[in-house]
Amino acid sequence: MKLLITFLLLPLTCIAQVKWPPVTQENKPWTRWWWQGSAVTKAGLDYNLQQYAEAGLGGVEITPIYGVKGYEDSFITFLSPRWMNLFDYTLQQAKSLGLGVDLANATGWPFGGPWVSDSDASKTMYYKTYLLQAGQQLNEPVLYYQHSLVRTANNRQVNADTVLQPLYTNKNLQQLALDQIQFAGNLPLQFLAAYPAAGGTMLDLTNKVDAKGILHWTAPQGSWRLYALFPGLHGKMVERAAPGGEGYAIDHFSAPAVNNYLHHFDRAFKGNNVSYLRAFFNDSYEVDDARGQANWTPQLFEEFKKRKGYDLKEYLPALLNETVTDTGSRVLYDYRSVIDDMLLENFTKQWKQWAFRKNMMVRNQSHGSPANTLDLYSAVDIPETEGTDILRFKFATSAANVTGKKLVSSESATWLNEHFLSSLGDVKQALDKYFLGGVNHIFYHGTAYSPPGAPWPGWLFYAAVHFQPTNPQWQHFHALNAYVARVQSFLQSAHPDNDILLYYPIVDRYTQKGNALLQHFDGMENNFEGTDFEYLSKMLLQKGYTFDFFSDRQLQLFTVTKNHIITGGNTYNTILLPANKYIPAKSFEKLLQLAAEGVSILFYKQLPANVPGLYNLNERRKRFKNLFSQLHFSQDKALKSVQKTIVGKGAFYYSDNFEDLLSITTVRKESMVDSGLQFYRKKNGMGSLYFIANTSDKQYEGWATINTIAADFALFSPMTATAGKARWKTHPASQKSDVFLQLQPHESVILQAYNSKQPGEIYPYRQAAGTPIAITGKWALKFISGGPALPHDTTIDALDYWTNFAGDDVKNFSGTAQYGITFPMPASNAGSWLLNLGAVHETAEVFLNGRSIATLTGPIYRVVIERKDLLAGNRLDIVVANLMANRISYMDRLGLPWKIFYNINMPARKKENRKNDLFDASEWKPMPSGLAGPLTLTPLEEIK
């Protein structure tokens, strides 16, 4: 096979008539900007923001976080007048540099702080049961004693008796690093009732309990079980809180609690000009990553009765009984759906409305919530996801697509590897996965503010990928940022082009008992593993079908035009249900309506058989059966595996074979996935748009079938800014086209289809026109910047990592070094040459005859050199940056202080790197650093 070319032209080369979209502030990647201790200064803000702008970032999201030891005198209380003054200054300076700004509505996460009173804090409902027979009285007081509990973020042992109340009166909250705290004492009785074992009316005994907990009641005829409820503070604290942000997490289910919380920001903002602020941010729910659950709010019984039409107090045995019964499952569904409603309405929507009144947006990580994350994501302006799983991303991107939102962001590259071991090439591969999942607004996680004079490595956040100016790779960070900006310039200006709407069967999960009252939803993990929903999602992705998830609430907004579903301004071909057992009657009725208007509704394996919940059950069940009775299935004539029933202009289909189901519809299958390529398809005013990535370790060259026809196609290489018309051919009968692609491992490309013929030159497809020529000889190695000490310059006879040389200076060194050599004009008459750097750790900038021709972030290190740029004698210089790891290892071996942070300090991701509960690299051997080659030049020719 002939050699494939990855970087086909020099960076920033564009072919006339086939143009890149202009890059905007939002197209560029943004970063979470940690303000540690909020210990910022105007000079430091200027210094940091200037570096970010020069690196090609588009904006910052300010999140105040725990402080740095030794800088206590510089700590600034969150939202204090001094803090607001510096925040105002940041907005002004960011605007002058063209950087956008978002702000977290808390320090750390979740929402909370010292102004959150006990009445507004998250709560847990505890309960006790008692058994009495006729004529008996309870011989013990109705009391619930809560033992003290203290959990700290830094595993520090703290006695709850030494912690002052209210919590904000403690002077050492940064050192305490409280994650959860419960104080010892009796909890108040909320409710006590007796339930007859034989069935019958509940007896409310709450008013028969005196101040000492003595129940003045004698059991009447029969056997009685008593249930006593005791609300208490869940005790979850703001995690990783900054000074002035330490306090209880809010009760997300309570509208008054959320209103009181946000009003604190209103008071702080008063008199300040924050109009340049783009959005407020919430870093996920994360209340229940602590002991117990936040499963109660004071308004619960009242809200439940208003929403469900019956009194939850009458069904406590069904809700709390460990035995699974139909009634218990239905009450459990109702309880969870009420919590769902309150989280959506009282927190998410109220927060959104609060920001809207300020003419600002909200960005939210809805995952991890005890509610339908699709609905929570839909309620905000910018849904945000995180992690490494495309199906997890699709909850945020689906919500955006189904409701017509422009942006979907991601907390990106949080924990790719152990501290200091992630390269920009690793990051690039992680970002491509987000693009493949539909994300179009990258946020790095993250960059810590660090004062100009801070000793290396400066101030750091505890996550493992450090996007810091002190990272040697920062010198080449601009190349990765330019790549992201180019990709997002396309993705943000296009609309989704997905065919299938896949029903999210959260109703089934709400009916199933588990180890706790509430479930928390975060992709497929823990809730949908092993289900038909997970199976279908994975298969659709693997087989090349495009889809979005949708919820019951979203379903009610769907309309039909020309047999297609319209939602959020986007068009879909069909709806697919994943063998779910339960469905609300209102949803099933809507499906019938959509089918009657011409839509094909597909059911995998079976149709839903029941309605969830207990409220008005007989009426809803009757309604559902009446709807179901309209359906009369028979075997489809074309596909015997499919059962079909006509509904108006459309039809219902079901089958055990999902591909047979899909074949009945007009959904498109992209067969390029069978060749190891992955894609995300969108559309814009010009035609279809594909982001295509070769995520394999093998090169790809050949004709990729695209499920669209067009008048023309163009390719755009976002890493090199190369663009040109593609080589393609159309198959009119199948409504498909073939486009010729050349992609190295982990290379990506934008494919744009056009509705009209485009002028311009062909994208430069090239292949080897001869054997590679090695560039050999003596290399001058010069160390440019870094530490702990700058090694001496040297001359080497052959390329090698500098860590393989003798002496500790090179082995401990993290920084940049330049490899230089001269070479003659190659003898071949080739019009261009492929320069292959071979093995590089980790990033490199290539200079030819004094001019920078490429910055390469990996994992492939190649650049094309045009013949016109070569001289009779040529000077080649390659500046390589390595990881931070070797210098960190040196510091740990010598015990030099750099882990100087309150709260969590620096946790190890891998247990082998843990010492005294902290990350420790003292045992690491030097990580390969530099350029090992072999360095070759290969003559190229265009593929005709």
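Residues numbered from 1 in each chain as written. Predicted model: local features only at pLDDT ≥ 70, side-chain atom pairs only at ≥ 80, totals over all residues. Heavy atoms only, no water.

(A) Region of interest: the packing of helix 4 (residues 255–269) against helix 7 (residues 326–357). Orientation of helix 4 relative to helix 7, taken along the N-to-C sense of each, is 25°, at an axis distance of 9 Å. Put simply, helix 4 runs roughly parallel to helix 7. The two elements helix 4 and helix 7 meet at a crossing, and its hand is right-handed. Residues A255, V258, N259, L262, F265, D266 and F269 of helix 4 form the contact with helix 7, whose participating residues are N346, F347, Q350, W351 and W354. In terms of residue class, the contact of helix 4 with helix 7 is built from eight nonpolar, three polar and one charged. (Axes fitted to C-alpha atoms, helices over the stretch in contact; angles between N-to-C directions. Helix = DSSP H or I, 4+ residues; strand = E, 2+ residues; numbered from the N terminus. Parallel < 35°, antiparallel > 145°, perpendicular 65-115°, else oblique. Left-handed = near helix turned anticlockwise from the far one by under 90°. Contact = heavy atoms within 4.5 Å. Nonpolar A, V, L, I, M, F, W, Y, C, P; charged D, E, K, R; others polar.)

(B) Representation of empty space enclosed by the protein within the structure. Summed over the entire model, instances satisfying the criterion amount to six cavities of 30 Å³ or more. Counted as a void, the largest cavity has a volume near 140 Å³. Tallied by class, residues from the lining of the largest cavity come to 11 nonpolar, six polar and no charged. (1 Å grid on protein atoms, 1.4 Å probe; cavity = no way out; pocket = protein on both sides within 12 Å on 5 of 7 lines; lining within 4 Å. Points joined across faces, edges and corners; volume = space filled by probe spheres on them.)

(C) Region of the structure containing the side chain of K308. Considering the arrangement of structural elements, one finds K308 in helix 5 (residues 300–308). Looking at K308, its side chain comes within polar contact range of the side chain of S337, at 3.0 Å. Each residue touching K308, except ones within four places of it in the same chain, is listed here: Y333, D334, S337, V338 and Y615. (Polar contact = N/O pair within 3.5 Å; in protein donor to acceptor, adjacent residues only side chain to side chain.)

(D) Fine view of helix 16 (residues 617–628). Counted at 1.5 Å a residue, the expected span for helix 16 with its 12 residues is 16 Å, and the 16 Å between its end C-alpha atoms agrees. Considered for burial, the residues of helix 16 that qualify are L617, R620, F624 and L627. Axial view of helix 16: buried residues confined to an arc of 100°, hence all on one face. Away from its buried face, by an angle of more than 90 degrees, helix 16 presents the exposed residues N618, E619, K622 and K625. In the core, the buried residues of helix 16 are packed alongside helix 7 and helix 15 (585–596). (Expected span 1.5 Å × (residues − 1). Buried < 20%, exposed > 50% of the residue type's maximum accessible area, 1.4 Å probe, protein only. Arc of directions from axis to C-beta.)

(E) A look at the pattern of salt bridges. Overall, the coordinates contain 46 salt bridges when judged by the stated rule. K236 is the salt-bridge partner of D179, the closest N and O atoms lying 2.9 Å from each other. Highlighted residues: D179 in strand 8 (residues 178–182) and K236 in the loop between strand 12 (223–233) and strand 13 (248–249), separated in sequence by 57 residues. This pair shows no difference in class: D179 is buried, exactly as K236 is. As a salt-bridge pair, K778 and D797 come within 2.5 Å of each other at their nearest N and O atoms. With K778 in the loop between strand 39 (773–774) and strand 40 (779–787) and D797 in the loop between strand 41 (794–796) and strand 42 (800–801), this residue pair connects regions lying 19 residues apart in the sequence. Overlapping salt bridges, with partners in common, bring together E26, R32, E61, D102, R278, D283, R363, E384, K406 and E411 in one network. (Salt bridge = Lys/Arg side-chain N within 4 Å of Asp/Glu carboxyl O.)

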